[in-house]
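Descriptive analysis of the structure
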Amino acid sequence: MDQAVIDKLNEILKHEWTGVAQYSQAGFVVSGLWREVYSEMFLDAAKESFGHAKIIGQKISALGGVPTIERNQVKQTDDLYEMLTNGLAFESKAVELYQEVLSMVDGKNRPLVVLLEEILLEEQEGVDEFTMILKDPSVAAQAKGGSASKAG
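Position numbers for residues count from 1 along each chain, tracking the sequence in the order it is written. Reporting in this predicted model follows two pLDDT cut-offs: at least 70 for local features of residues, and 80 or more for side-chain atom pairs to be given and counted; totals over whole chains, interfaces and linings ignore these cut-offs and use all residues. The side-chain figures draw on all heavy atoms in the structure; neither hydrogens nor water molecules are used.

For the chain, an unreviewed UniProt entry supplies the name Ferritin-like domain protein and the organism Bremerella volcania.

What follows concerns the packing of aromatic side chains. Here a ring pair, both rings aromatic, is described through the centre-centre distance and the interplanar angle of the planes. The pairing test for Phe, Tyr and Trp rings, Trp by its six-membered ring, is centres within 6.5 Å, and the orientation test on the planes gives stacked under 30 degrees, edge-to-face over 60, and tilted for anything in between. Taken as a whole, this structure holds 6 aromatic pairs when the rule is applied. Both rings, one in Trp-17 and one in Phe-50, keep their centres 6.1 Å apart while their planes meet at 45°; by these two values the pair is tilted. Here Phe-50 lies in helix 2 (residues 35-62) and Trp-17 lies in helix 1 (residues 3-29), a separation of 33 residues in the sequence. An aromatic cluster of at least three residues, connected via ring pairs, comprises Tyr-23, Trp-34, Tyr-38, Phe-42, Phe-90 and Phe-130. The way it works is that DSSP assigns letters per residue, a run of H or I at least four long becomes a helix, a run of E at least two long becomes a strand, and they are numbered from the N terminus.

Taken as a whole, the largest pocket holds about 200 Å³ of empty space. Looking at the largest pocket, it is lined by 13 residues, and the ones nearest its centre are His-15, Thr-18, Asn-72, Phe-90 and Lys-93. For the lining of the largest pocket, the secondary-structure elements that each account for two or more residues are helix 1 and helix 3 (80-105). Only Asp, Glu, Lys and Arg are considered charged in this grouping, and only Ala, Val, Leu, Ile, Met, Phe, Trp, Tyr, Cys and Pro are considered nonpolar; every other residue, Gly among them, is considered polar. Residues belonging to the lining of the largest pocket are distributed by class as follows: 3 nonpolar, 6 polar and 4 charged. Two kinds of site are reported from a 1 Å grid over the protein atoms alone, namely cavities, where a 1.4 Å probe fits but cannot get out, and pockets, open sets with protein on both sides within 12 Å along at least five of seven lines, and residues are called lining when an atom falls within 4 Å of a point. Grid points are joined across faces, edges and corners, and a volume is the space filled by probe spheres set on the points.

Now for the packing of helix 1 against helix 3. Each axis is a line fitted through C-alpha atoms, and for a helix only the stretch in contact is used; angles between axes span 0 to 180 degrees, taken between their N-to-C directions. In the contact formed by helix 1 and helix 3, the axes pass within 10 Å of each other and the chain directions differ by 165°. By the angle between their directions, the pair helix 1 and helix 3 is classed as roughly antiparallel. Taken as a pair, helix 1 and helix 3 cross one another with a handedness that is left-handed. Per-class residue counts for the contact of helix 1 with helix 3 are 15 nonpolar, 6 polar and 6 charged. Orientation is classified from the angle alone, with under 35 degrees giving roughly parallel, over 145 giving roughly antiparallel, 65 to 115 giving roughly perpendicular, and any other angle giving oblique. Each crossing is labelled by how the near helix is turned from the far one, with a counterclockwise turn of less than a right angle marking it left-handed and a clockwise turn marking it right-handed.

As structure tokens, this is what we get:
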């Protein structure tokens, strides 16, 4: 397989590793009235990112590459509104990355295309979910609050 495809898959894997850490952190620290609603949502998103990482890592190995163990910078905050907007940004970037690799393999490796399209669909569902949550002004207003944020 083309090294550029393996490199792009490793960029995706790095992004998915970031999702595992970032969503887990959000699930751990979300507090207050919305904890019961959002903690499990964030932890489920971390599990989904891990599932994607597993699939992509295995595919990189199958294609003759070496899966990365690196991740991008994690956005940390205890502000729910920031957690939600960070989630939307994360999912949007994932959609972008999967679309990029799909354009590289389309017409060359149909099984890989199908695999990537299935993950892309899940990523787009994530974009849609965060978009719908953030669309409700009352939820967004209640989620906004004083907090500390940092990158790690």
